[in-house]
Amino acid sequence: MTREQSDRVNDVWGSRSPFDRGGQWDVRVDVALAEGLSEADVDGWVRSACVLCSNGCGCDIAVKDGRMVGIRGRADDAVNRGRLGPKGLYASWQGMSAPDRLTTPLIRAGDDLVPASWDDAMDRIVQRSRALLEETGPLSHAFYTSGQLFIEEYYALAVVGKAGVGTPHMDGNTRLCTATAASSLKESFGADGQPACYDDIDECDALFLYGHNMAATQTVLWSRVLDRLEGPRPPRLVVVDPRETPVARRADVHLPVRPGTNLALMLALVREVLENGWTDEDFIATHTIGVDELRAHASEWTPERAADVCGLDARDIRETARLFGTAERPLSTVLQGFYQSSQATASASQVNNLHLLRGKIGHPGAGLLQMNGQPTAQNNRECGADGDLPGFRNWENGEHISELAELWGVDPLKIPHWADPTHAMQLFRFVEQGSIRFLWISATNPAVSLPQLARIRDILASDGLFLVVQDLYLTETAELADVVLPAAGWGEKTGTFTNAERTVHLSEKAVDPPGEARADLDIFLDYARRMDFRRDDGSPLLEWTGPEDAYRAWQECSRGRPCDYTGISYDDLRRESGIRWPRRAGETRSTDRLYADGVFSSRADYCETFGHDLLTGAAVGAEAFKALRPDGRALLKSAPYAGPQEPPDDEYPLRFTTGRSVFQFHTRTKTGRTPELVEAAPSVWVELSPSDAAARDLANGDVVEVRSRRGRIVAPLRLTDIAPGTVFAPFHYGYWDAPEGAEQRHPTAANELTITEWDAVSKQPVFKTAAVQVARAGGVS
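Keep in mind it's a predicted model, so treat the numbers as computed, not measured.

(A) Summary view of the overall build of the protein chain. Within the protein chain one finds 28 helices and 28 strands. Over its C-alpha trace the protein chain gives a radius of gyration of 25 Å, about what one expects of a compact globule, namely 28 Å for 781 residues. With respect to the principal axes defined by its C-alpha atoms, the protein chain has extents near 70 × 65 × 60 Å. Looking at the protein chain residue by residue over its 781 residues, the buried ones come to 66%. Sequence separation of 24 or more characterises 75% of the internal contacts of the protein chain that already satisfy a separation of 6 or more. If you sum the accessible surface of the protein chain, you get close to 25,400 Å²; carbon and sulfur atoms cover 46% of it. Side-chain charges of the protein chain comprise 83 positive and 112 negative groups, with the mean position of each set lying 2 Å from the other.

Encoded structure:
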């Protein structure tokens, strides 16, 4: 075991520990402490896990004199084996302690937000909420949450929204991030839940990254891949990404696909696997349905045709198909390059199809991860604080509604299920139209993260909207609120959360929150109490007094469902550093890989959805689904290629795509307050290929204006090996730390440019296919 007082700014992925396939990844404990402190100075260490990406790295929080003063990786945690990335090392604890933390509630007085007591703030919320419920009913209310909360908080919010208020208008910023991950898993397998696990990196002989810049989004996981690549039997690596990222530079095959054309590439890969006989016909016949329709959709997509559409070399497409088709243990991961692009669910589902065609799922080294981007996105989907029902239940299954009604003690008709739940983009449209007049936003910043920001700012500032914002800092969204509630954050409250491979961690409270800030769970419970939400028998809807009560209620809700937590208690999580679900009551071992037996979650009485047409999003419906007789078999689903919603043209000839910096997280609420990360990536930039720059007489470092039909950004130019015809900018950089009026004078938020379009099935916004023009910025320094 090695131990490092780590510098993950200049050495992002740390030292190498090469290991062979099937070997053991070494322990390396990364440590970061406040300046001048050593581990001997620390009063105590408190168990937690990092919440600054979806990896879920086990860690301990250093506490001295009642303050968080550092962090170290947990050596006994299988997810990270002691390692931490730059965001975890520097922003997890430092990001909680900036001097501008919200410490008291704020209420609007004219143009200003002024301090108030909790009673004043909550009374204002409850009075408005009750008045609207009496005047127009539950459709006046909406809740928009995060991928940052804990299980206990998501589940409380789900019960309050669905059984207390009774509104279908509930979603989270997980719609921007991982909705397609969930949709593709549901469409193919019948339910959400990642089939593979991180241990498969240790076992695979070929690794395929589809739109997943792992080196930036999950630095510790990329360290694990690097150690395999440096070992004696490295996996072959294929990367689909328009940019030459650190991941792409290590690839055996790099496919710099044009943004918006992923489905054409994937259908060509499916065709090659079918045409070359790289299929497991027995598995297909026994465990899948739909192969004939898939074959028909893929048949026209020769490598040459796909290469022409995607801007690729047909030889690279053939080699990618050969590597996948002949690998004994292929592992695939998918992320935002697919999820936030055109025909997202259809594209991601083809990754599932490739594994099903070869029967390579559920076995060591052979499987797929429809990856998450946020640390607790999985829990939002599981607990139903977004557009899902808790426990991966089916909105169209009356028995599933009845199960929830019995758990919550309400009439089934109270739970909204007469139509599809409202996804985020439609939710904000309803606010714009005036039908939603009460919006509660928790732990997210849509004034920077949503598409077409000028429109979103107008919506949030509209006179007819009563806006509640619950957060750590006065974000761009909070500045527009009628009531701002100061929330406790990581290390200041207790709760559980689940990473992208189904591993659950317990994060213990290490210190008190600043001032009057309260845990999100306490805020939701307080609202439910003040609103006097009750069960049909007259008892309170939520009788919980703390997180462990809420967690036990969640365990019961998960019983018998794919995400069964009944065998994972707080005591278990204090004894084991990370436990994968499902683990059912009485079990002492988890299921590491789903579907190893070839039985999928597609029974009509069990599945999470009856599915959709992947081109139009039209629901299949219960009767048509039952007629397919999936009965535990996977569905090989596809769609014809349609292309990007906004292709380039003469006026806007370039394709704009967004992404992440390794040093920043989302809208920089935490990372933008951390000195090490601010210094490493202080402001926005734009990437362009040398050929595109030369055609516009631009040079490296020039300040350029990128303009779409909706807005503009101004930023310095970086010449990179990005695919010609493509423009990139990171999406993190809003305006909370910028001069007043920066939105107009020197706009830096990439989502000023993006389009208000979304995937037909997942409803995930399309951030990666806007048409833009680039020119030298006039009069901007």
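Next comes the rest of the account.
(B) Inspection of the packing of aromatic side chains at higher detail. For the structure on display, the rule yields 22 aromatic pairs. Their ring planes at 20° and their centres at 5.8 Å tell us that tyrosine 155 and tryptophan 544 sit as a pair that is stacked. Remark: tryptophan 544 occurs in the loop between helix H22 (520-531) and helix H23 (547-558) and tyrosine 155 occurs in helix H3 (residues 151-165); sequence separation between them is 389 residues. Residue classification places tyrosine 155 among the buried residues on the basis of a relative accessible area of 2%. Judged by its relative accessible area of 16%, tryptophan 544 falls in the buried class. Here the aromatic residues Phe143, Phe438, Trp440, Phe466, Phe524, Tyr527 and Phe533 are joined through ring pairs into a cluster of three or more. In this arrangement the basic side chain of arginine 72 is found over the ring face of tryptophan 45, its NZ or CZ atom lying 3.9 Å from the centre. In this structure, arginine 518 packs its charged tip against the face of tryptophan 118, placed 4.2 Å from the ring centre.

(C) The arrangement of the environment of alanine 296 in detail. Positionally, alanine 296 belongs in helix H12 (residues 291-298). A sequence separation of 247 residues divides alanine 296 from alanine 49, and the C-alpha atoms of the two residues are 46 Å apart.

(D) Here's a closer look at the pattern of salt bridges. All told, the structure shown has 64 salt bridges when counted by the stated rule. Between arginine 329 and glutamate 203 there is a salt bridge, and its shortest N-O distance comes to 3.1 Å. Here arginine 329 is found in the loop between helix H14 (314-326) and strand S14 (330-334), whereas its partner glutamate 203 is found in helix H6 (residues 199-203), with 126 residues between them in sequence. Owing to a relative accessible area of 28%, arginine 329 belongs among the partly exposed residues under this scheme. Between glutamate 687 and arginine 243 there is a salt bridge whose closest N-O contact spans 2.8 Å. Note that glutamate 687 is positioned in strand S24 (residues 686-688) and arginine 243 in the loop between strand S11 (236-240) and helix H9 (246-249), a separation of 444 residues in sequence. Linked through salt bridges whose partners overlap, the residues forming this network are Asp119, Asp123, Arg518, Asp526, Arg529 and Arg530.

(E) The sheet that holds strand S19 (residues 495-498), seen in detail. What the three strands build is an open sheet, ordered S19-S20-S21; its pairing is antiparallel. Both edges of this open sheet fall to S19 and strand S21 (579-580), since each of them pairs with a single strand only. Bridging between strand S20 (residues 503-507) and S21 involves two bridges; their strand directions are antiparallel. Pairing of threonine 503 across the sheet is with arginine 580, part of S21.

(F) Inspection of the packing of helix H10 (residues 262-275) against H14 at higher detail. Contact geometry for H10 and H14: axes closest at 9 Å, N-to-C directions at 55°. It follows that H10 is oblique to H14 by the angle criterion. Regarding H10 and H14, the two cross each other, and that crossing is right-handed. The segment H10 lies against H14, with Leu265, Ala268, Leu269, Glu272 and Val273 engaging Ile317, Arg318, Thr320, Ala321 and Phe324.

(G) Quick look at the sheet that holds S11. An order of S12-S11-S10-S14-S15 is seen for the five strands of this open sheet, with the pairing classed as parallel. Unpaired on one side and paired on the other, strand S12 (253-255) and strand S15 (367-370) mark the two borders of the sheet. Averaged over all pairs of adjacent strands, the angle between their axes in this sheet comes to 10°, without regard to strand direction. Where S14 and S15 come together, four bridges link them in parallel fashion. Across the sheet, the residue bridging to serine 332 is leucine 368, located in S15.

(H) Main features of the pairing of strand S4 (residues 58-64). The buried fraction of S4 amounts to six of the seven residues, a majority that puts the element mostly inside the structure. Bridge count between strand S3 (residues 44-49) and S4: six bridges; the pairing is antiparallel. By the bridge assignment, alanine 49 is partnered in S4 with glycine 58. Of the pairings in the sheet, the one linking S4 to strand S5 (residues 67-73) comprises six bridges and is antiparallel in character. Residue pairing across strands places cysteine 59 opposite glycine 73, the latter belonging to S5. Hairpin geometry of S4 and S5 is characterised by an intervening segment of two residues between the two adjacent antiparallel strands and by a positive phi of about 55° at aspartate 65.

Reading the values: rules and limits
- Residues numbered from 1 in each chain as written.
- Predicted model: local features only at pLDDT ≥ 70, side-chain atom pairs only at ≥ 80, totals over all residues.
- Heavy atoms only, no water.
- Helix = DSSP H or I, 4+ residues; strand = E, 2+ residues; numbered from the N terminus.
- Rg over C-alpha atoms; globule rule 2.2 N^0.38 Å.
- Buried < 20%, exposed > 50% of the residue type's maximum accessible area, 1.4 Å probe, protein only.
- Contact = heavy atoms within 4.5 Å.
- Areas by Shrake-Rupley, 256 points an atom, 1.4 Å probe, with all protein chains shown as cover.
- Lys, Arg positive; Asp, Glu negative; His and termini not counted.
- Charge placed at Lys NZ, Arg CZ, Asp CG, Glu CD.
- Phe/Tyr/Trp six-rings, centres within 6.5 Å; stacked < 30°, edge-to-face > 60°.
- Lys NZ or Arg CZ within 6 Å of the ring centre and 35° of its normal.
- Salt bridge = Lys/Arg side-chain N within 4 Å of Asp/Glu carboxyl O.
- Pairing = 2+ DSSP bridges.
- Axes fitted to C-alpha atoms, helices over the stretch in contact; angles between N-to-C directions.
- Parallel < 35°, antiparallel > 145°, perpendicular 65-115°, else oblique.
- Left-handed = near helix turned anticlockwise from the far one by under 90°.

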